[in-house]
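Architecture at a glance
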Amino acid sequence: MEERYTHMQHNIRKHFKLSMEEYAVLDAIYCLSRSGVCDAKAEYFINLFDISRRSYFNIRKSLDAKGLTEKVKHGVRSTRIWDDAMAGRVAPWSDPSETKTEPEKTEKDESAKNALPENEGEKVQNLHSEELKSAEFAPEQCKNCTQPVQNLHSNSAKIAL
């Protein structure tokens, strides 16, 4: 068996919650089991990936538990779940870290909100409402605002464009 490379698809790696070492071992098993079964000994993986014996067996246990590998009579092979993912026979995998979540409010957000006088905060909210379609309207809505708020509106509108 020759040394080879591992092309990592991080969105799939993250979807299955695999470490980089787990992915590398699984990819090697997947490639070596294309003819039916991977019969490589533990030492092959230990030497190829420079990992400890204990790490290898922990990785194998984890992959089995996740249903990505299975023991067979003369070795191990990747399961249909992994084979389909690698062959692109499933829906596109999304990276779990890219899921959109609501940002947490921080003290900084609250202090910024409280920094403006009460009536000025309402004007800022109105500026950013859906009625404001472009920066051209910002000067019209800022006629009654203080100079710092007018500057804020103008800058925000320019960024929004």
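Note that the structure is predicted; figures quoted are calculated from it, not measured. (Residues numbered from 1 in each chain as written. Predicted model: local features only at pLDDT ≥ 70, side-chain atom pairs only at ≥ 80, totals over all residues. Heavy atoms only, no water.)

**Thoughts on the overall build of the protein chain**
The secondary structure content of the protein chain amounts to nine helices and two strands. When burial is assessed residue by residue, the protein chain has 32% of its 161 residues classed as buried. A separation of at least 24 residues holds for 55% of the contacts in the protein chain among residues at least 6 apart in sequence. (Helix = DSSP H or I, 4+ residues; strand = E, 2+ residues; numbered from the N terminus. Buried < 20%, exposed > 50% of the residue type's maximum accessible area, 1.4 Å probe, protein only. Contact = heavy atoms within 4.5 Å.)

**Side note on the pairing of strand β2 (residues 75-78)**
Residues in a regular strand project their side chains so that they alternate between the two faces of the sheet. A one-sided burial pattern is seen for β2, the buried positions being Val76 and Ser78 and the unburied ones Gly75 and Arg77. Alignment of strand β1 (residues 69-72) against β2, held across four bridges, turns out to be antiparallel. Residue Glu70 lies in a different strand from β2, and its bridge partner there is Arg77. Two successive antiparallel strands, β1 and β2, enclose a turn made up of two residues. (Pairing = 2+ DSSP bridges.)

**Let's talk about helix α4 (residues 53-65)**
The end-to-end C-alpha distance of α4, which contains 13 residues, comes to 18 Å, matching closely the 18 Å that a straight helix rising 1.5 Å per residue would cover. Phi turns positive, to about 75 degrees, at Gly67, one or two residues after α4. (Expected span 1.5 Å × (residues − 1).)

**A word on the state of the cysteines**
Among covalent bonds in proteins, the disulfide is the one between the sulfur atoms of two cysteines. Summed over the entire model, instances satisfying the criterion amount to zero disulfides. Among the cysteines around Cys31, which has no disulfide bond, Cys38 carries the closest sulfur, lying 9.9 Å off. Residue Cys38 is classed as buried on the basis of its relative accessible area of 1%. (Disulfide = S-S within 2.5 Å.)

**Comments concerning helix α3 (residues 42-49)**
An α-helical turn contains 3.6 residues, so any two residues separated by three or four positions project in the same direction. Within α3 the residues assigned to the buried category are Ala42, Tyr44, Phe45, Ile46 and Leu48. Positive phi shows up at Asp50, right after α3, with a value of about 50 degrees.

**Observations concerning the packing of helix α2 (residues 20-32) against helix α5 (residues 80-87)**
With their axes 11 Å apart at the nearest point, α2 and α5 run at an angle of 90 degrees to one another. In terms of orientation, α2 lies roughly perpendicular with respect to α5. Packed against α2, whose contacting residues are Tyr23, Leu26 and Tyr30, the element α5 presents Trp82, Asp83, Met86 and Ala87 at the interface. When grouped by side-chain class, the residues that make up the contact of α2 with α5 number six nonpolar, no polar and one charged. (Axes fitted to C-alpha atoms, helices over the stretch in contact; angles between N-to-C directions. Parallel < 35°, antiparallel > 145°, perpendicular 65-115°, else oblique. Nonpolar A, V, L, I, M, F, W, Y, C, P; charged D, E, K, R; others polar.)

**Here we look at the nonpolar core**
In terms of nonpolar packing, the biggest core is built from 25 residues, with Leu18, Val25, Phe45 and Trp82 touching the most fellow members. Contributing elements (two or more residues each) for this core: α2, α3, α4 and α5. Among the elements that make up this core, the one with the highest residue count is α2 (six residues). (Core = buried A, V, L, I, M, F, W, Y, C linked by side-chain atoms within 4.5 Å.)

**Some remarks on the packing of aromatic side chains**
Any two aromatic rings considered together are summarised by their centre-to-centre distance and by the angle between their planes. All chains considered together, the criterion is met by five aromatic pairs. With a centroid separation of 5.1 Å and an interplanar angle of 75 degrees, the aromatic rings of Tyr56 and Phe57 are classed as edge-to-face. On the basis of relative accessibility, which here comes to 3%, the residue Tyr56 falls in the buried class. For Phe57, a relative accessible area of 34% puts it in the partly exposed group. These aromatic residues form a ring-pair network of at least three members: Tyr44, Phe45, Tyr56 and Phe57. (Phe/Tyr/Trp six-rings, centres within 6.5 Å; stacked < 30°, edge-to-face > 60°.)

**Regarding the packing of α3 against α4**
Look at α3 against α4: their axes get within 9 Å of each other, and the N-to-C directions meet at 110 degrees. Looking at the two axes, α3 sits roughly perpendicular to α4. Judged by the twist between their axes, the crossing of α3 over α4 is right-handed. Mapping the contact onto sequence places Ala42, Glu43, Phe45 and Ile46 in α3 and Arg53, Tyr56 and Phe57 in α4. (Left-handed = near helix turned anticlockwise from the far one by under 90°.)

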